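Okay, here's what each chain looks like letter by letter:
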Amino acid sequence: MLRVLTYNIHGWRNAAGDIDVAALARIIAASRADVVALNEVFHPLETPDGQVALDELSHRLGMSYAFGVALMPQFAFAPLASYGNALLARLPILAHAGHHLTPVEGHEQRGLLEARLLLDDGRTTLSVYVTHLDYLSEAVRLQQLAAVFQWTVRDRARPHL
């Protein structure tokens, strides 16, 4: 059985507005997930102790990761960081790619992270797609889903998530 978790980490900020990778790692570890899809990830973002947050989270969980850029924002606390989706996995990540979804005027650019994992049998691959659709407009979400389906249709005959 493969356990999967999806989690919006709100730019690494907890409810108090602080970056607390250790607490995030405890929450994810408690889920016992094998594959974790993360949304609203800044990367590379340094933690207060000078570590790259995604590297630290990956290390704490004993998982590998892939990151896909959705956009390049300019925030004072993360001036050089990209913003997008990430995937953590206990399984080997064989390849990954980030794709931009169709831009919509007046709405945040969204991305799709595609990763190919090797399952425990050592032969079968699993394609995993991670995205974070617009929350303001159903019409925009439908446009974004049309773009997602253009990428995911390639895996219709293979295991995918």
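Here, the structure is the one placed above.
In this report, the structure presented in the accompanying data block is examined. (Residues numbered from 1 in each chain as written. Predicted model: local features only at pLDDT ≥ 70, side-chain atom pairs only at ≥ 80, totals over all residues. Heavy atoms only, no water.)

The volume enclosed by the largest pocket comes to roughly 170 Å³. As for the largest pocket, its lining consists of Tyr 7, Asn 8, Ile 9, His 10, Trp 12, Arg 13, Asn 14, Asp 18, Asp 20, Ala 23, Leu 24 and Ile 27. For the lining of the largest pocket, the secondary structure elements donating two or more residues are β1 (4–8) and α1 (21–31). Here the residues of the lining of the largest pocket sort into six nonpolar, three polar and three charged. (1 Å grid on protein atoms, 1.4 Å probe; cavity = no way out; pocket = protein on both sides within 12 Å on 5 of 7 lines; lining within 4 Å. Points joined across faces, edges and corners; volume = space filled by probe spheres on them. Helix = DSSP H or I, 4+ residues; strand = E, 2+ residues; numbered from the N terminus. Nonpolar A, V, L, I, M, F, W, Y, C, P; charged D, E, K, R; others polar.)

Leftover empty space is mapped by rolling, across the atoms, a probe with the size of a water molecule. As enumerated under the stated definition, the model contains one cavity of 30 Å³ or more in all. Every residue lining the largest cavity is listed: Glu 40, Ala 70, Tyr 83, Gly 84, Asn 85, Glu 108, Gln 109, Arg 110, Gly 111 and His 132. In terms of residue count, strand β4 (residues 82–89) provides more of the lining of the largest cavity than any other element does, three residues in total. Residue composition of the lining of the largest cavity, by class: two nonpolar, five polar and three charged.

Examined against the element boundaries, Ala 37 turns out to sit in strand β2 (residues 35–43). For Ala 37, the residues in contact, after removing those within four places along its chain, are Leu 5, Thr 6, Tyr 7, Ala 86, Leu 87 and Val 130. (Contact = heavy atoms within 4.5 Å.)

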